[in-house]
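# Fold and geometry: a report
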Amino acid sequence: MSASVKSLLSTLTSRGPHRVLRGNLAIAGQPGVVYTPESGLGLPAVAFGHGWLTGVGNYRDLLQHLASWGFVVAAPDTERGPIPSHLGLATDLLTSLDICTGVRLGDGEISVHPDKLALVGHGMGAGAAVIAAAQRKVAAFAALYPAPTAPAAETLAPDLDIPALVVAGATDVSSVSSNAFPLTAAWGGDALLRTVDGASHNGIIEGRRALAALGAGKHEAKTARTTRALLVGYLNYTLLGDKTYRPFADPETVIPHTQLVDPNAPQEEEERPKLSIGTLAHLLRK
């Protein structure tokens, strides 16, 4: 592991150089928020899908972090109930991208390049982002601690030839709350699966949340910092072509606090929980 990789990771855990503005997607007819750098033309844009029983307010630091590094980030605030429509959230992600590319943002000093688009999601939002990517070509994709959805994301993944980063928690990557292994293994393009040391699948969720009543773990600050850095580094390389950040898309690079995992390698059997909160909604839909 080189000192330069350590330095890059440390840099990316801190806010970027841009002042961040916040806007309301509802003005354009889509409930949700948009975070942008203060100015810039031809910027990259990310549509972000939230997890189960959460909303965009539970990802404020993550979304602001992306914007501080120069990304326009649009996040629909829909499908927040116990039995959400994953197809509905996917549609809202695509609508959010259309808003970003179709209008000037801010005071007209911000625009998005139509070829610099990415889909990102957490938990069920990662599956919704896969559904969206199957309907619209984007330049990059990231699944943060993905959870099962209906339809199953791994059934759509073989047709997606875009680069993908899959991030999972080392403590529960093999549980029924995660479909990180089958999703990465099925992906049609180049895909990396990295686990974050000591992380759980809900560790990046911020603030108070309905999941707490169901026994979900608390916010994990270290998990959140590492995840933000992995995501920004990966998008800087795959979406913007900045070779400085190539290590974040390189399967040969060792990145501190993470492990690169082969999704096709035999996995040890673990005791399954009686009920996984990450899949409760999926079960209820059947």
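Notes on the structure follow. Note that the coordinates shown come from a computational prediction; the quantities given were computed from them, not determined experimentally.

Time to look at the pattern of salt bridges. Under the definition given, this model contains 5 salt bridges. Residue Arg-80 pairs with Asp-77 through a salt bridge whose shortest N-O separation is 3.2 Å. For Asp-77, a relative accessible area of 23% gives the class partly exposed. Its salt-bridge partner being Asp-250, residue Arg-246 comes within 3.2 Å of it at the nearest N-O pair. Judged by its relative accessible area of 43%, Arg-246 falls in the partly exposed class.

This brings us to the nonpolar core. Membership of the largest hydrophobic core comes to 46 residues, with the highest contact counts inside it found for Val-72, Leu-93, Leu-119, Val-130, Phe-141, Leu-183 and Trp-187. Elements represented by at least two residues in this core include exactly β3 (40-49), β4 (72-76), α3 (86-102), β5 (110-122), α4 (124-133), β6 (140-144), β7 (164-169) and α6 (180-186). Examining the composition of this core, we find that 8 residues originate from one element, α4, more than from any other.

With 17 residues, α3 should reach 24 Å at 1.5 Å per residue; the first-to-last C-alpha distance of 24 Å fits that figure. Listing the buried residues of α3 in full gives His-86, Gly-88, Leu-89, Ala-90, Asp-92, Leu-93, Leu-94, Ser-96, Leu-97, Ile-99 and Cys-100.

With that settled, the discussion passes to the environment of Thr-195. Topologically, Thr-195 is positioned in strand β8 (residues 191-196). Residue class for Thr-195 comes out buried when judged on its relative accessible area of 6%. Between the alpha carbons of Thr-195 and Thr-171 there is a distance of 8.8 Å; along the sequence they are 24 residues apart. If near-sequence neighbours (up to four positions away) are discounted, Thr-195 is found in contact with Ala-168, Ala-170, Val-173, His-257, Thr-258, Gln-259 and Val-261.

Procedures and definitions
- Residues numbered from 1 in each chain as written.
- Predicted model: local features only at pLDDT ≥ 70, side-chain atom pairs only at ≥ 80, totals over all residues.
- Heavy atoms only, no water.
- Salt bridge = Lys/Arg side-chain N within 4 Å of Asp/Glu carboxyl O.
- Buried < 20%, exposed > 50% of the residue type's maximum accessible area, 1.4 Å probe, protein only.
- Core = buried A, V, L, I, M, F, W, Y, C linked by side-chain atoms within 4.5 Å.
- Helix = DSSP H or I, 4+ residues; strand = E, 2+ residues; numbered from the N terminus.
- Expected span 1.5 Å × (residues − 1).
- Contact = heavy atoms within 4.5 Å.

Don't take any of this as a statement about function, it's just geometry.
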